[in-house]
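Coordinates in review
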Amino acid sequence: MIYPMKLKPVLKSYIWGGEKLAAKYGKDGGSVAESWEVAANASGSSVISGGEYDGMTLVDFLAAHPEALGTEAAKFEFFPVLVKLIDAASDLSVQVHPDDAYALANEGQYGKTEMWYVVECEPGAGMYCGFKRKVTKEELAEALNNGTITELLNFIEVKKGDCLFIKSGTVHAICGGVLVYEIQQNSTLTYRLYDYGRVGADGKPRELHIAKALEVADTSAVCRPGEDVKQLSDGVELLGACPYFTAVAYDTSRCTSTEVTDRSFSAFTCVDGECSVTAAGNACTLRRGDTCFVPAGAGEVSFAGKATLIEAKV
Ligand SMILES: [Zn+2]
């Protein structure tokens, strides 16, 4: 049976997480750093909530109903995307992800490209993304040695609704005071360059991966908010696309339907407001912070209410 399946997320607590996901986005618990809204991998799986498949993990559902993935998503050996809500109360480590070629040759895994949509932020908050200017690997290595890398990094002050597309190889960090919707290629490969001299819960500094990070860092990378965003129609914006994922934002007060074809599933996350989502005659209500999964081939999906929804698909 096809219906919009609400997903119960996998929650992760890390030292840098804040209280907003629990206080304002309907997540359980106190401090929640990451809420994995659409996850189907070894580190965690979302669980379907309600309807015929209530209680089933997304991993088990997709194994039993592979057609729900869609023809494009089924081309990958594993579920291609991971969607998270991330509440950064303090800065995340400065990191870089390798591209597929490097990752497959050296780690036997895929690399990672990711995209952030700013759900809310405090005044003056932002992220590091690429460098202020082209730097050399030697300069970068020296700055890491001296603990001065943040002086080289491009700090982008953000506002609600900003979108940043982080290609693999781009050195980046989400900084404190920002709550983002993140969609990423489903990979855990992260090389940490700098952690502000902090120590983890065990009193020890977290591991850095300087040599590999220097190999994969694109030292010419400068990126600007919104450079990939395209208006598709009234109330519909393409936020970013790559072979692994496509993200589209809907303002449901201006756009009341879309199509979920047999090419890919769609997962809709409500980042503001409230609306109902109807597929194949079945409806669910999404409040701020909720996500539903719509199987590929569902056809027309309609929205009623006033919300900002972000669609993740392949
Ligand atoms: Zn990252």
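Residues numbered from 1 in each chain as written. Predicted model: local features only at pLDDT ≥ 70, side-chain atom pairs only at ≥ 80, totals over all residues.

**Structural notes on the environment of alanine 267**
Put simply, the rule is: Secondary structure counts use DSSP, requiring at least four H or I residues in a row for a helix and at least two E residues in a row for a strand, with both numbered from the N terminus.
Tracing the backbone through its elements, the reader meets alanine 267 in strand β20 (residues 266-279). Considering only alpha carbons, one finds alanine 267 and serine 90, 177 residues apart in sequence, at a separation of 28 Å.

**Some words on the nonpolar core**
What counts is decided by this rule: One nonpolar core equals one set of buried Ala, Val, Leu, Ile, Met, Phe, Trp, Tyr and Cys residues connected by C-beta atoms within 7 Å. Think of it as a crowd count around each C-beta: if 20 or more other C-beta atoms lie within 10 Å the residue is buried, if 12 or fewer it is exposed, and in between it is partly exposed, with C-beta placed from the backbone throughout. Each domain's extent is set by a domain assignment, obtained either automatically or from a database. In this description, a residue-residue contact is defined by the distance between C-beta atoms placed from the backbone, which must lie within 7 Å.
Core analysis: the largest hydrophobic core is formed by 93 residues, its most contacted members being Val178 and Val180. Considering every element that reaches this core, the biggest residue donor is β20, with seven residues. Of the domains in this structure, domain 1 (5-216) and domain 2 (230-313) are the two that each give at least three residues to this core. Apart from the residues within four sequence positions on either side, valine 180 is in contact with Ile86, Trp116, Tyr117, Val118, Val119 and Ile174.

**As for the domain arrangement of the chain**
Convention followed: As a working rule, the residues Ala, Val, Leu, Ile, Met, Phe, Trp, Tyr, Cys and Pro are called nonpolar, Asp, Glu, Lys and Arg charged, and the rest polar, with Gly in that last group.
Split into domains, the chain comes out as domain 1 (5-216) and domain 2 (230-313). Among the secondary structure elements, those contributing two or more residues to the side of domain 1 that touches domain 2 are β1 (5-8), α1 (20-24), β3 (34-38), β7 (81-88), β9 (114-121), β12 (163-166) and β14 (178-185). Each residue belonging to the side of domain 1 that touches domain 2 can be placed in one class, and the counts come to 20 nonpolar, five polar and six charged.

**Digging into the pairing of strand β10 (residues 126-131)**
The two faces of a sheet get side chains in turn, since along a regular strand they alternate between them. Put simply, the rule is: One bridge is not enough; two strands pair if DSSP finds at least two bridges between them.
Counting buried positions along β10 yields six of six residues, so the element is predominantly enclosed. Where β10 and strand β11 (residues 153-157) come together, four bridges link them in antiparallel fashion. Directly across from methionine 127, in β11, lies its bridge partner isoleucine 156. Bridge count between β10 and strand β13 (residues 172-174): three bridges; the pairing is antiparallel. Counted as the bridge partner of cysteine 129 is histidine 172 from β13.

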